[in-house]
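Per-entry structural report
Now for the letters of each chain:
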Amino acid sequence: MVRELERSQQQKQEFPSKATVAHPVFYRTYSRRQGNTRETWKQVCDRTINGLIKLGKLSDEEATLVRQKLENFQSLPAGRWLWVGGTEWLEQPENYHGAYNCTSTNVVDWKAFGLMMDLAMQGCGTGAVLEPQYINQLPPIRNELQVTIAGELGTTPASQRREKTEVQIQGNNVTIYVGDSRDGWVKSYQSLLEIASDERFSNRVEVTVDVSDIRPAGEPLKGFGGVANPVRLPDLYTRCAAILNKAVGRQLNELECCLLIDEAAVVVVAGNVRRSAGIRQFPADSNLYKMNLWQQGEDGNWRIDPQRDALRMANHTRVYHGKPSREECIDAVRKQFYSGEGAIQYAPEAIARSNADILDRPEIKREFLEIYNSLGVEEAKNWLRTNYPQMSDREIEHRLQRYGLNPCGIL
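Residues numbered from 1 in each chain as written. Predicted model: local features only at pLDDT ≥ 70, side-chain atom pairs only at ≥ 80, totals over all residues. Heavy atoms only, no water.

Here we take up the sheet that holds strand E5 (residues 144-150). With mixed pairing, four strands are arranged side by side in an open sheet as E5-E8-E7-E6. Edge positions in the open sheet fall to E5 and strand E6 (166-170), since each of these has one partner strand only. Neighbour-to-neighbour, the strand axes of this sheet turn through a mean angle of 20°, independent of strand direction. Pairing geometry for strand E7 (residues 173-177) and strand E8 (residues 204-210), over five bridges, is parallel. Across the sheet, the residue bridging to Tyr177 is Asp210, located in E8. (Pairing = 2+ DSSP bridges. Helix = DSSP H or I, 4+ residues; strand = E, 2+ residues; numbered from the N terminus. Axes fitted to C-alpha atoms, helices over the stretch in contact; angles between N-to-C directions.)

Take a look at the structure:
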């Protein structure tokens, strides 16, 4: 105990005296466990700098400069790098996303949902574009799901746990054995969504989800770091089934897509893997689904709508592909003042800024914006084809979708 106190006092002296909360924030967020202790600030500097040297193939002179800036608190790497930079976990190809703070996904299929859960479990913020041109590509929901949770968390001995999720099908009965890994959680979630639209079944499917192989709360996560907390995982399957069952006979709408993504986010946040960090981008005429989440009952107490509680996991933004009017901007700011919600995004400007390599002069940028605003995205594509004939259609599509990672909104 005395040794730990001495260590704590030594750590406090490593941070500037004016940074009064640096010590607890460092230990809460960036210091990784090493057996029964945690990394010191110097150890984090060594780990992250060595990782940068290897990743960027830095020269000795560059490495010295980086170390100097870091150790003197003049310039720090991204928070994600402070946590995972230089770790063996990050060097595995399937984990490279973990070094990124932000991602964006066009929701066009069930894989997009699985990808976002996977990204969230690696610590990434998740962006989901839920505009009609994307979600209308999702298959219709045709099967009603009756979900039963089997087993208890942490009951299978560690040496006997499945690491990969297994899905067994017998007629209209499906058993999902959830694997004790990031991939296992993701596959079990995505598999449930896929069953809802699978034409092999005859409209009603009995789904048993066995969670026995999942490690118990408090057990260390050796690769990513931290400890396990799967307490919300069993609820994920029943809550997702309830959302899917309401859409039987049609495609999901934007709110249902958002809820499915956010239910997975609830599990990740509860699992001590990641804070809530997400953005959901809706069409300009979309309802503000997070408005009035809290309602006051006759007894005067405020309660949250339990069916929409998961929506708190992300910011909701309406995307304007034409320039919003003055009144629309004022209305958005007013809603944000009262509720914190109602952000809007002017997509053409976001696209122009994220294509600064080709829209590199004011007059060219102005011409692009005029075409986009007056004639729409298809004519903007034609304008790019005419002015940059070397571009492939795939590159043009990519460039016009970049508003997913460049908010440029009224926040």
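Going through the model one piece at a time under the given rule, you end up with 13 aromatic pairs. Ring plane angle 85° and centroid distance 6.4 Å describe the contact between Tyr96 and Tyr100, whose orientation is recorded as edge-to-face. Since its relative accessible area comes to 46%, Tyr96 is described here as partly exposed. For Tyr100, a relative accessible area of 48% corresponds to the partly exposed category. With a centroid separation of 6.2 Å and an interplanar angle of 65°, the aromatic rings of Trp383 and Tyr388 are classed as edge-to-face. On the basis of relative accessibility, which here comes to 8%, the residue Trp383 falls in the buried class. Put simply, the rings of Phe15, Phe26, Tyr27, Trp41 and Phe73 pair up and form one aromatic cluster. Note that Arg32 overlies the ring of Trp83, its terminal NZ or CZ placed 4.5 Å from the centroid. Between the NZ or CZ atom of Arg162 and the centre of the ring of Tyr177, over which it lies, the distance is 4.1 Å. (Phe/Tyr/Trp six-rings, centres within 6.5 Å; stacked < 30°, edge-to-face > 60°. Buried < 20%, exposed > 50% of the residue type's maximum accessible area, 1.4 Å probe, protein only. Lys NZ or Arg CZ within 6 Å of the ring centre and 35° of its normal.)

On to the pairing of strand E9 (residues 278-283), then. Direction of pairing for strand E4 (residues 125-129) relative to E9: parallel, over a ladder of four bridges. Bridging across to E9, Thr126 finds its partner in Gly278. Where E9 lies against strand E12 (residues 315-320), five bridges are found, and the strand directions are parallel. Counted as the bridge partner of Pro283 is Val319 from E12.

The next subject is the state of the cysteines. Inspection of the entire model under this criterion finds zero disulfides. Free cysteine: Cys124, not disulfide-bonded; nearest cysteine sulfur from Cys102 at 8.7 Å. Free of any disulfide, Cys258 has its nearest cysteine sulfur in Cys257, 8.6 Å distant. Judged by its relative accessible area of 0%, Cys258 falls in the buried class. (Disulfide = S-S within 2.5 Å.)

This part is about the pairing of strand E3 (residues 102-106). Residues of E3 alternate between two faces, with Thr103 and Thr105 buried on one and Cys102, Ser104 and Asn106 left unburied on the opposite face. Relative to E4, E3 is paired through five bridges, and the arrangement is parallel. Bridged to Thr103 within E4 is Thr126. For the crossover that starts at E3, traverses helix H6 (residues 110-121) and ends in the parallel E4, the hand is right-handed. (Right-handed = clockwise from strand over helix to strand, strands pointing away.)

Moving on: unusual backbone geometry. One non-glycine residue, Lys57, lies in positive phi territory at about 50°. One can find Lys57 in the loop between helix H3 (41-56) and helix H4 (60-71). Since its relative accessible area comes to 71%, Lys57 is described here as exposed. Here the phi dihedral of Phe73 falls at roughly 60°; this positive angle occurs in a residue that is not glycine. Tracing the sequence through the fold places Phe73 in the loop between H4 and helix H5 (79-84).

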